[in-house]
Amino acid sequence: MSERLGRAQALMTLQEWTKGDSLRKHGMAVSVCTEAYGVMEAERLGLRGTDADEFVDLYASAGLLHDMDYERHPTQEEHPFVGVNHLREVGWPESVLQAILAHADYSGVARESHLERALFACDELAGFLTACALVKPNKSILEVEVAGVKKKMKDKAFARAVKREDITGGAELLGLTVEEHVGICLRAMQARAEELGLAGVASVET
Ligand SMILES: [Fe+2]
């Protein structure tokens, strides 16, 4: 009998497949944001105890795993398909696999479930919030505010690789305003700033 798959296994898989620090941190940041939506959805569904924990764990795991194969297989022919094939063999539930497939526009998999929508919505935003933190004096996510993020979204020269339309489209998919979506993800990342390596340069020295 195999142990139930959850975030601990997801983190191990991410670390096994991905050696680069920034891609690992990206997986962790997306996980923290996606997990926040899992908590909200579990509450909406009235889940309690173990049911809620297992439900939320799938959100956190999908975040950790969504780019797990990107370092080894970055092309559109392979990412995220190689990773999903591996995860399927290991026994990850289809809900997680479909969310990972659906985060890539070119996979042709529609974003229908709440998890599929949440993962897509958090992917670009987590990267953008990280970029916003790294230009702050103390390089801390705790210094970032929603209004500042919105302003930076309009600045095309800032973090130009981040697709703004994926952030706004993701919020729309979740039935939220961009402010609400940014606020939820920002608070989630702030609450776990240390773990994400975004608690600021001063705190590293103390
Ligand atoms: Fe990603």
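Since we're looking at a predicted model, the values are computed, not measured. Along each chain, residue indices are assigned from 1 in the same order as the chain's sequence is written. The predicted origin of the model limits local features to residues at a pLDDT of at least 70 and limits the giving and counting of side-chain atom pairs to 80 or more, whereas totals for whole chains, interfaces and linings rest on all residues. The basis for every side-chain value is the complete set of non-hydrogen atoms in the structure, without hydrogens or water.

Let us look at the overall build of the protein chain. Assigned secondary structure in the protein chain consists of 11 helices and zero strands. For the protein chain, the sequential pattern of α-helices and β-strands runs α-α-α-α-α-α-α-α-α-α-α. Every radius of gyration here is taken over C-alpha atoms, with the globule rule written as 2.2 Å times N^0.38, N being the number of residues. Relative to its length of 206 residues, the protein chain is compact, with a C-alpha radius of gyration of 16 Å against a globular reference of 17 Å. With respect to the three principal axes, the spread of C-alpha positions in the protein chain is 50 × 40 × 40 Å. Three exposure classes are used, based on accessible area relative to the maximum for each residue type with a 1.4 Å probe and protein chains only: buried under 20%, partly exposed in between, and exposed over 50%. Per-residue burial over the protein chain gives 48% buried out of 206 residues. Working note: accessible area of the protein chain is about 10400 Å², and carbon and sulfur atoms make up 53% of it. We treat Lys and Arg as the positive residues and Asp and Glu as the negative residues; His and chain ends play no part in the count. Each charge is placed at NZ for Lys, CZ for Arg, CG for Asp and CD for Glu. Of the side chains in the protein chain, 23 bear a positive and 33 a negative charge, and the two mean positions are spaced by 6 Å. Helix and strand definitions follow DSSP, with helices as H or I runs of at least four residues and strands as E runs of at least two, each counted in order from the N terminus. Per-residue accessibility takes into account occlusion by the displayed protein chains alone, with areas from the Shrake-Rupley method and a 1.4 Å probe.

Coordination here is defined by N, O and S atoms within 2.8 Å of the metal (3.2 Å for Na, K and Ca), and since water is not considered, a site can look incomplete. The protein atoms that coordinate the iron ion are His 26 (NE2), His 66 (NE2), Asp 67 (OD) and Asp 123 (OD), at distances spanning 2.1 to 2.3 Å. In this structure, the iron ion is surrounded by four donor atoms whose angles at the metal cover 85 to 176 degrees, and the resulting shape is irregular. The sequence pattern describing where the donors of the iron ion fall on their chain is H-x39-H-D-x55-D. Taken together, the residues span a long stretch of sequence, with His 66 in the loop between helix 3 (49-65) and helix 4 (81-90) and Asp 123 in helix 6 (residues 114-134) at a distance of 57 residues. Square planar and octahedral sites, with four and six donors, are those where opposite donors lie more than 155 degrees apart and all other angles lie between 65 and 115, tetrahedral sites have four donors with every angle between 85 and 135 degrees, and the rest are irregular.

Further remarks concern helix 9 (residues 178-191). Take the residue count of a helix, subtract one, and multiply by 1.5 Å to get its expected span. Compared with the 20 Å implied by 1.5 Å per residue over 14 residues, the 20 Å span of helix 9 between its first and last C-alpha is a close match. What helix 9 keeps buried is the set Val 178, His 181, Val 182, Gly 183, Ile 184, Cys 185, Leu 186, Ala 188 and Met 189. Between two residues, a contact is recorded if the distance between any of their heavy atoms is within 4.5 Å. Tucked into the core, helix 9 has its buried residues touching helix 2 (21-44), helix 6, helix 7 (146-154), helix 8 (164-173) and helix 10 (193-196).

Before going further, it helps to spend a moment on the packing of helix 2 against helix 6. In this description, a line fitted to the C-alpha atoms serves as the axis of each element, helices being fitted only across the stretch in contact, and the angle between N-to-C directions of two axes falls anywhere from 0 to 180 degrees. Closest axis-to-axis distance for the helix 2/helix 6 pair is 8 Å, and the angle between their directions is 135 degrees. Taken together, the axes of helix 2 and helix 6 are oblique relative to one another. Classified by chirality, the crossing of helix 6 by helix 2 is right-handed. Residues His 26, Ala 29, Val 30, Cys 33, Thr 34, Tyr 37 and Glu 41 of helix 2 pack against His 114, Leu 115, Ala 118, Leu 119, Cys 122, Asp 123, Ala 126 and Thr 130 of helix 6. Counted by class, the contact of helix 2 with helix 6 contains nine nonpolar, four polar and two charged residues. Relative orientations are named as follows: roughly parallel for angles under 35 degrees, roughly antiparallel for angles over 145 degrees, roughly perpendicular for angles from 65 to 115 degrees, and oblique for any other angle. Whether a crossing is left-handed or right-handed is set by the direction in which the near helix is turned from the far one by less than a right angle, anticlockwise for left-handed and clockwise for right-handed. When residues are sorted by character, Ala, Val, Leu, Ile, Met, Phe, Trp, Tyr, Cys and Pro go into the nonpolar class, Asp, Glu, Lys and Arg into the charged class, and all the rest, Gly among them, into the polar class.

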